[in-house]
Amino acid sequence: MAQQEQIRQDQAHLEAVVAEALDIAKSLGASLAEVSISKQTGLSVNTRGCELESIEFNKDGALGIAVYRDGCKGSSSTTDLSKPAIRAAVEAAIEIARHTSADDCAGLADAELLAWDAPDLQLCHQIELDPQRGIELAIECERLALGRDARIKHSDGAGFSSHLGIKVYGNSHGFIKGYAASRNSLSCVLIGEQEGEMQRDYGYSSSRTLDGLWHPQRIADEAVERTVARLGARKIATCHAPVMFHPDTAAGLWGHLVTAISGGSLYRKSSFLLDKLGQQILPEWLTIQEFPHLLGGLASSPFDGEGVRTREMDIIRNGELMSWLLTSYSARKLGLTSTGHAGGIHNWQVSSTGQDFQGMLNEMGTGLLVTELMGQGVNIVNGDYSRGAAGFWVENGEIAYPVEEITIAGNLAEMFSHIVAVGCDEDERSSLKTGSVLVENMKLAGH
């Protein structure tokens, strides 16, 4: 209770600071202004070889202000929240605005779009600031992992973190709202060795609540299983084959969709999905929905970075692209309305064709299961896709052996339209809920 009361006091103080900054901006002649402020408190513990490596406490915060004068924008920031420092930051922003060009699309979000009745999404829970507890959990992860399989030779470290952040946003429409959110994590990285070959992999857990973290045994088991499975990796011959993206890598695949339908890519005309709104870009059975108000959700938020209220929406319905992802600026550039995506997406849910992980392997038959992707070979302008990959070769629905040093290539538009199935094997730790994704055919470059 003491921690919760302290959080309430801190948030009230930050809201007062935002109000003060807006008053200063108005008094100095800014016609419009917006202020965002964040404060984070937390603990990070790292161990290696079952010994403490580092402890870090952090308590930091920053205030950012943007002012608008006759369509010209100036912005500045400060980590000093004293009244003289805030005034200096506002003055700097106003001075910068004098030297920028007017932009008709710049400015605050429309007042009627703001989250005046922001819901409490229960994002804030007790955090652990006792380093001894963090040390014990991290060392237990390593100890359990190192004692399970003779091929696990070393630990590359374990870590525990517990952080609480408070965000407050306000603008000269009279809107000032804030919320607090907690996040805890526990992880372990291992190095395995077999016949002179070494591989590295990890296990982790992340949760808003301390009780929601996986037990160290489960994290250790995941780290061991993933590391050992990679030993004995081979190269494969260049070929064309079905590719199944493990949920870890499937989330990244949907991340490319996020980029392609985001306002910045659209008004710059740098997206392969330009002019595709209302058209089918994915199979008819596939739907993607956004749920910003899930209680305790890892990507839940009552409003976006501009104070615009978030809302449930269909991004893809029956394969059809239903919405762009827009900020106020990109929306004005496109002659549209903000969708509440300043700062990113909120709890996406990708529909499933119902197969579990083994069912997805059976569906693929023979092909490549991708568990790791490397490199940045994705061209959002034309959709060309080429990335380094590692994973497992699958034959007749069974994992045959690990593989590495492969390049997978295709085009995102074709990959999206040729998705055969999406599994129900979601990762509970991800804010983008997707199962494995099976793409009908891709080029695999090996040796």
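Here the structure is a predicted model, which is why all the values come from computation and not from measurement.

Definitions and cut-offs
Counting restarts for each chain, with residues numbered from 1 along the sequence as it is written. Given that this is a predicted model, residues contribute local features only at a pLDDT of at least 70 and side-chain atom pairs are listed and counted only at 80 or more, while totals for whole chains, interfaces and linings are drawn from all residues. The side-chain values count all of the structure's non-hydrogen atoms but skip hydrogen atoms and water molecules. Where each domain starts and ends comes from a domain assignment, either automatic or drawn from a database. What makes two residues a contact is simply this: any of their non-hydrogen atoms within 4.5 Å. As a working definition, buried area equals the accessible area (1.4 Å probe) given up by two parts on being put together, with both sides summed. By this definition, two strands are paired if DSSP reports at least two bridges between them. Each helix is a run of DSSP H or I of at least 4 residues and each strand a run of E of at least 2, with the numbering of both proceeding from the N terminus. Between N-to-C directions, angles cover 0 to 180 degrees, with each direction set by a line fitted to C-alpha atoms, over the stretch in contact for helices. Multiplying 1.5 Å by the residue count of a helix minus one yields the expected span of that helix. Burial status follows relative accessibility: with a 1.4 Å probe on protein chains alone, a residue under 20% of its type maximum counts as buried, one over 50% as exposed, and anything between as partly exposed. Here, nonpolar core refers to any group of buried Ala, Val, Leu, Ile, Met, Phe, Trp, Tyr and Cys residues whose side-chain atoms link them within 4.5 Å.

Side note on the domain arrangement of the chain
Phase 1 of the analysis: As far as domains go, the chain holds domain 1 (1–229) and domain 2 (233–446).
Phase 2 of the analysis: A straight line from the C-alpha centre of domain 1 to that of domain 2 covers 25 Å.
Phase 3 of the analysis: On the domain 2 side, the residues contacting the 37 residues of domain 1 number 31 residues.
Phase 4 of the analysis: Summed over both sides, the interface between domain 1 and domain 2 buries roughly 2700 Å², with carbon and sulfur atoms accounting for 53% of that surface.

Examining the sheet that holds strand β3 (residues 72–78)
Backbone-to-backbone hydrogen bonds pair the strands of a sheet. The strands run either parallel or antiparallel.
Phase 1 of the analysis: If you walk across this open sheet you meet the 6 strands as β3-β2-β1-β4-β5-β6, and the pairing is antiparallel. With one partner strand each, in any of the chains shown, β3 and β6 (197–207) form the two edges of the open sheet. Recorded for the sheet is a direction-independent mean angle of 20 degrees between the axes of neighbouring strands.
Phase 2 of the analysis: Inspection of the sheet shows strand β2 (residues 51–69) paired to β3 by 7 bridges, in the antiparallel sense. Among the inter-strand pairings, Gly-64 is bridged to a residue of β3, identified as Ser-77.
Phase 3 of the analysis: This element, helix α3 (residues 131–146), spans β1 (32–48), β2, β4 (152–171) and β5 (175–194) of the sheet and lies at about 140 degrees to β4.

Details of helix α2 (residues 83–97)
Phase 1 of the analysis: For α2, built from 15 residues, the straight-helix expectation of 21 Å at 1.5 Å per residue is met to within 8% by its first-to-last C-alpha distance of 21 Å.
Phase 2 of the analysis: Inspection of α2 places Ala-85, Ile-86, Ala-89, Val-90, Ala-93, Ile-94 and Ala-97 among the buried residues, and these make up the whole buried set.
Phase 3 of the analysis: Summarising the contacts, the buried residues of α2 are in contact with α1 (2–27), β2 and β3.

Some words on the pairing of β3
Phase 1 of the analysis: Residue alternation in β3 divides its side chains into a buried set, Cys-72, Gly-74, Ser-76 and Thr-78, and an unburied set, Lys-73, Ser-75 and Ser-77.
Phase 2 of the analysis: The loop that links β2 with its antiparallel partner β3 comprises 2 residues; one of these, Asp-70, has a positive phi angle of about 55 degrees.

Regarding the nonpolar core
Phase 1 of the analysis: Judged by nonpolar contacts, the single largest core of 49 residues is most densely connected at Phe-245, Trp-254, Leu-257, Ile-288 and Ile-408.
Phase 2 of the analysis: Here the element with the most residues in this core is helix α5 (residues 247–260); it accounts for 6 residues.
Phase 3 of the analysis: Contact partners of Phe-245, with chain neighbours within four places excluded, come to Ala-250, Leu-253, Val-370, Leu-373, Tyr-385, Ile-408, Met-415, Ser-436, Val-437, Val-439 and Met-442.

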